[in-house]
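Read off the chains here:
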Amino acid sequence: MALRALAHPVRMRMLGLLRIEGPATASGLAERLGLNSGATSYHLRQLARHGFIVEDEERGNARDRWWKSAHESTVFHSDNSDDDALDAGIAFAEAALQNQIGQMKAALAQYGSLSAEWRDASTLSDLIIPLTATDAKALIERLNRVIADAMEQAPKLGGPYPPDVEPFTVMLHAFPRPSEEGNEQ
């Protein structure tokens, strides 16, 4: 199952690097991630097998294989068709959340060194809105359309980028507020 393949933290990091920094070889990714090239090649084959990455045929040769992301983003939609699909979706969501928490911590650590302009363009928001499930789904669809429109207008990931343009991360987490039962301190 594709979501299980992507739920591995190393594979998520690899896919993210290929999306943001552009095509790379197994040895280049291994060096960047502190792994050996054999393990890196294995993870790349798993990502390719499930359609997350493809070989970049414009680069390299028979000995020097380059890989690139097949898509600019991964959007998780729950699959409730059976317990295995649900479990795979939860495993992916847990891995994605851990990856996103790491990105948010790194961004916060660098926040003080950002220009005032980039600090002003950043946010960490917590908004709670009473909605029905239907209204919540409609809100998420509207937000996703806004983000998709921005992606269409922006330069493609992988650079090079015009001056003053940086990859900008938008993380959207939306869910019914968990109950406080059992969470008392």
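Residues numbered from 1 in each chain as written. Predicted model: local features only at pLDDT ≥ 70, side-chain atom pairs only at ≥ 80, totals over all residues. Heavy atoms only, no water.

(A) Spotlight on the sheet that holds strand β2 (residues 53-55). If you trace the 3 strands from one edge of the open sheet to the other, you get β1-β3-β2, paired in antiparallel fashion. If you trace the sheet from one side to the other, it starts and ends with β1 (24-25) and β2, each paired once. The pairing of β2 with strand β3 (residues 66-69) spans 3 bridges and is classified as antiparallel. When the bridges of β3 are listed, E55 appears paired with W67. Across the sheet, helix α2 (residues 9-21) lies against β1, β2 and β3, angled at about 85° from β3, the strand it touches most. (Pairing = 2+ DSSP bridges. Helix = DSSP H or I, 4+ residues; strand = E, 2+ residues; numbered from the N terminus. Contact = heavy atoms within 4.5 Å. Axes fitted to C-alpha atoms, helices over the stretch in contact; angles between N-to-C directions.)

(B) Structural detail: the packing of α2 against helix α4 (residues 37-49). With their axes 10 Å apart at the nearest point, α2 and α4 run at an angle of 75° to one another. Considered as vectors, α2 and α4 are oriented roughly perpendicular to each other. Contacts between α2 and α4 involve V10, R11, M14, L15 and L18 on the former and, on the latter, T40, Y42, H43, L44, Q46 and L47. Looking at the contact of α2 with α4 residue by residue, the classes come out as 7 nonpolar, 3 polar and 1 charged. (Parallel < 35°, antiparallel > 145°, perpendicular 65-115°, else oblique. Nonpolar A, V, L, I, M, F, W, Y, C, P; charged D, E, K, R; others polar.)

(C) Seen up close, the side chain of D56. Tracing the sequence through the fold places D56 in the loop between β2 and β3. Leaving out residues up to four positions away in the same chain, D56 has contacts with P23, W66, W67 and K68.

(D) Layout of the confidence of the model for the protein. For the protein, per-residue confidence averages 87 on the pLDDT scale, and residues scoring 70 or more make up 94% of the total. Highest mean pLDDT in the protein belongs to helix α7 (residues 133-153) (95); lowest belongs to helix α1 (residues 2-6) (75). (pLDDT = per-residue confidence, 0-100.)

(E) Region of interest: the side chain of R19. With respect to the helices and strands, the residue R19 is situated in helix α2. Buried within the structure, R19 lacks any salt-bridge partner; E72 is the closest side chain of opposite charge, at an N-O distance of 8.4 Å. Ignoring any residue separated from it by four or fewer positions in sequence, one finds R19 in contact with S69, H71, E72, S73, T74, L157 and G158. (Buried < 20%, exposed > 50% of the residue type's maximum accessible area, 1.4 Å probe, protein only. Lys, Arg positive; Asp, Glu negative; His and termini not counted. Salt bridge = Lys/Arg side-chain N within 4 Å of Asp/Glu carboxyl O.)

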